[in-house]
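# Architecture at a glance
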Amino acid sequence: MLQIEIDGKQVSVEQGATVIEAAHKLGTYIPHFCYHKKLSIAANCRMCLVDVEKAPKPLPACATPVTDGMIVRTHSAKAREAQEGVMEFLLINHPLDCPTCDQGGECQLQDLAMGYGKNTSRYTEEKRSVVGKDMGPLVSAEEMSRCIHCTRCVRFTEEIAGVQEIAMANRGEHSEIMPFIGKAVETELSGNVIDLCPVGALTSKPFRFNARTWELNRRKSVSAHDALGSNLIVQTKDHTVRRVLPLENEAINECWLSDRDRFAYEGLYHESRLKNPKIKQGGEWMDVDWKTALEYVRSAIECIAKDGNQNQVGVWANPMNTVEELYLAKKLADGLGVKNFATRLRQQDKRLSDGLKGAQWLGQSIESLADNDAVLVVGANLRKEQPLLTALLRRAAKDRMALSVLAGSKEELFMPLLSQEAVHPDEWAGRLKNLSANAEHAVTASLKNAEKAAVILGAEVQNHPDYAAIYTAAQELADATGAVLGILPQAANSVGADVLGVNSGESVAEMANAPKQAVLLLNVEPEIDTADGAKAVAALKQAKSVMAFTPFVSETLLDVCDVLLPIAPFTETSGSFINMEGRLQSFHGVVQGFGDSRPMWKVLRVLGNLFDLQGFEYHDTAAILKDALDAESLPSKLNNRAASTQKDFQTTSNRLVRVGGVGIYHTDAIVRRSAPLQATGHAAVPAARVNPNTLARLGLQDGQTAVAKQNGAGVSVVVKADAGLPENVVHLPLHTENAALGALMDTIELAGA
């Protein structure tokens, strides 16, 4: 340890620490712009100049390593003069129009100018003007004259996002920050440059001139859009959500936020938002009050479930619903004798779930994952499924982790990889089995020789029609190499659903094959949220009654349902999620309910009372959570062990299989309705990418329009040749435009249009 004295205070720091880090440890603030604890050191703003004893001139605190016995003064006349001089230079070309700047009130330059700037400027020459840039639908770069060239945005895209999409062009006074010519900033983490920018150069395009920072209320919340459980600061005004920012939590999302979590709020007030309960009578929809709607639901269920016909009722629940909502829904179903309750909406193989020892989870903490020496990821579209977790893996892979990826396609991950194989999905189990038997293989050896290793299974494995075989093979590989087996859950509360044990009876796929007379849809849009949307919708059309608890209305719900109940999204209700590492996180609603919507737990509570069931006398979600689970015993319920399933493993396959996963901005109803996210390149209608050999065998050409068919449904797609794909694989991610097709990871046909 090294001893350093800063402003008369002693502190010990590790070898290699910088002066600014030592000051932070002491709680001493040193002004800075370019420095950021998660980025490399640039030392180009010079605002952090400090007076170091025996140094002939002030030194930048961010780039000066601590030496034993160093004495530093941050507020001496020498340091103060240097800092004020730097501030004067920074303001020479900066527009002095804070009242019209969108960053006003939360601008780091504005704050430091108050403390270190002069009352008047000595600069009388003409200020330079920089033309605004187009960085896409999420980041506004209209005011680039305000840029002070701290290069935080440049370093972020290169170091955290993995690929440099923003750079500094030209030199000296002519320097400009810009994206590559003709290209937008496409990283799924782009919104973080807004937080990083210390001035008003890069701001949020959806939030631009929406409200002033001092007008906003700030509330803590938890993201409902993936299983990471990112912590949020939701800013509100006039009972509406206006902006979402990251709440720093080193154990989960650090200080970052994915664009999906940051901009999804734009979908909350979409024109399709359901305001009032509705009942369909004579083919016409009517607005009704809650009492009438709930009485209708009670009558419909009682009518169909009477005389021992409870098996003719099914519950399809979205795993992004809260612990409290799922617990009450299951309690209601059990009270009515309804056994068919499913949250694994995209599951095609339920054999595995019957033999699991506990709830499936990551297998370790999120922080621990980055400490692994070797990791094998199977069947995951990492950047789509878990954008922030991918950034964590990227940092670890750049450091020392030997990361290997086995999937149906080669995703561009922008990180060093030990191995990346694109293999036909039917061969995944056989490939994993071979790795277990071949200790000399580079991937097997990396896992076996590592002090800490993990095998992680993604969404495409979990949705595979032969999930049990792949899981068994992965478990054997983990056992053979001493690695930890984990999964990447597909929704915010997938782990919570498993912990509660709500899944019972028939799966969604089974209920689609053998339609029920009554179905309760709990925050589910069946045409896109289930494995085979077209088949699910066809099954619902055969039901006597379909009751949807939903924040939004859609054409499909209007077609198949006879009652629609407006429920509150996560921003308007309290509740809890259990994230991928098994961490229970509770949150409160941040705004009032929209229209006449109600939190789902309250609707379920009233239904329980209408059915005269015991145990529905709750007044808040805290009481429900207390009954639902014991937080202290939660870790004991997390277990990825499964009873071995003896099965022959395929090593070759000739069937044409669809891969690609769910589009990053088509994962849930809120995200699908966020206009800024839908305007990005990631949300564009995907082409069907196919290996050139397979394309030739099908008689198709690169760029040709073809018809993709699954289960008799056809959709026009543009085919693209991709030599990085294995043969007999069609990479076609799920999108609203192709939702009419069948399941992902299932057989698909391609033919000329």
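The rules we used
Residue positions are counted from 1 within each chain, in the order its sequence is given. Per-residue local features are limited, in this predicted model, to residues with pLDDT of at least 70; the limit for side-chain atom pairs, both in listing and counting, is 80 or more; totals at the level of whole chains, interfaces and linings are taken over all residues. Computation of side-chain values: all heavy atoms of the structure, hydrogens and water removed. The salt bridge criterion pairs a side-chain nitrogen of Lys or Arg with a carboxyl oxygen of Asp or Glu, the two atoms within 4 Å. By definition, any uninterrupted DSSP run of H or I lasting at least four residues is a helix, any uninterrupted run of E lasting at least two residues is a strand, and each is numbered from the N terminus. Residue exposure (1.4 Å probe, protein chains only): buried if accessible area is under 20% of the type maximum, exposed if over 50%, otherwise partly exposed. Any two residues whose heavy atoms approach within 4.5 Å at even a single point are treated as in contact. Only C-alpha atoms enter the line fits that serve as axes; for helices the fit covers just the stretch in contact. Angles between N-to-C directions range over 0 to 180 degrees. Here roughly perpendicular refers to angles of 65 to 115 degrees, roughly parallel to angles under 35, roughly antiparallel to angles over 145, and oblique to all remaining angles. Throughout, a crossing is termed right-handed when the near helix is turned clockwise from the far one, and left-handed when it is turned anticlockwise from it by less than a right angle. Gly is placed with the polar residues, together with every amino acid not listed as nonpolar (Ala, Val, Leu, Ile, Met, Phe, Trp, Tyr, Cys and Pro) or charged (Asp, Glu, Lys and Arg). The rule for pairing is simple: two strands pair if DSSP sees at least two bridges between them. Taken from the helix axis, the directions to the C-beta atoms give the arc we talk about.

Next up on the list: the pattern of salt bridges. Note on pairing: side chains with opposite charge can pair once their charged atoms come close. Evaluation of the coordinates by the stated rule reveals 42 salt bridges. Linking R344 and D498 is a salt bridge whose minimum nitrogen-to-oxygen distance equals 2.9 Å. Separated by 154 residues along the polypeptide, R344 in the loop between strand 17 (340-342) and helix 9 (366-369) and D498 in helix 16 (residues 494-500) bring together distant segments of the chain. Relative accessible area serves as the criterion here: at 24%, R344 is assigned to the partly exposed category. With a relative accessible area of 18%, D498 lands in the buried category. Between R655 and D426 there is a salt bridge whose closest N-O contact spans 2.6 Å. Separated by 229 residues along the polypeptide, R655 in the loop between helix 22 (621-628) and strand 28 (657-659) and D426 in the loop between strand 20 (419-422) and helix 12 (428-437) bring together distant segments of the chain. For R655, a relative accessible area of 24% gives the class partly exposed. The class of D426 is buried, set by a relative accessible area of 7%.

A separate point is the side chain of R273. Positionally, R273 belongs in the loop between helix 6 (259-263) and strand 14 (278-281). What makes R273 buried here is its relative accessible area of 4%. Those residues in contact with R273, other than ones at most four positions away along the chain, are L268, P551, F552, I567, A568, P569, E572, F594 and S597.

Between helix 7 (residues 290-305) and helix 21 (residues 600-610), the shortest axis-to-axis distance is 10 Å and the interhelical angle comes to 60 degrees. With respect to helix 21, the axis of helix 7 lies oblique. Crossing of helix 7 against helix 21: the hand is right-handed. Residue-level inspection shows W290, L294, E295, V297 and R298 of helix 7 in contact with helix 21, the latter providing V603, V606, L607 and L610. When grouped by side-chain class, the residues that make up the contact of helix 7 with helix 21 number seven nonpolar, no polar and two charged.

Read from one edge to the other, the open sheet built from three strands follows the order 11-12-13, with strand pairing classed as antiparallel. Each edge of the open sheet is held by one strand with a lone partner, namely strand 11 (217-222) and strand 13 (240-246). Averaged over all adjacent pairs, the angle separating strand axes in this sheet is 35 degrees, with direction ignored. Bridge count between strand 12 (residues 231-237) and strand 13: six bridges; the pairing is antiparallel. Counted as the bridge partner of K237 is T240 from strand 13.

Moving on: helix 19 (residues 533-541). Among all positions in helix 19, only G533, A536, V537, A539 and L540 are buried. On an axial view of helix 19, the arc spanned by its buried residues comes to 160 degrees, and they lie on one face. Where helix 19 is buried, its residues touch strand 16 (313-317), helix 17 (508-513), strand 23 (518-522), helix 18 (526-529), strand 24 (545-550) and helix 20 (555-560).

For helix 4 (residues 152-159), a buried count of six out of eight residues is recorded, marking the element as mostly surrounded by other parts of the structure. Listed in full, the buried residues belonging to helix 4 are R152, C153, V154, R155, F156 and T157. Tucked inside the fold, the buried residues of helix 4 contact helix 3 (108-116), strand 8 (166-169), strand 9 (176-179) and helix 5 (192-196).

Positive phi, close to 55 degrees, is recorded for N711, a residue that is not glycine. Within the secondary structure layout, N711 lies in the loop between strand 30 (705-710) and strand 31 (713-721). Look at N728: it is not a glycine, yet its phi comes out positive at around 65 degrees. Tracing the backbone shows N728 in the loop between strand 31 and strand 32 (729-731).

Looking now at the environment of V563. Within the secondary structure, V563 is located in strand 25 (residues 563-566). Owing to a relative accessible area of 0%, V563 belongs among the buried residues under this scheme. Separated by 57 residues in the primary sequence, V563 and E506 place their C-alpha atoms 23 Å from one another. Once residues lying within four places of it in the same chain are set aside, the contact partners of V563 are K278, I279, W285, A293, Y296, V297, V546, M547 and A548.

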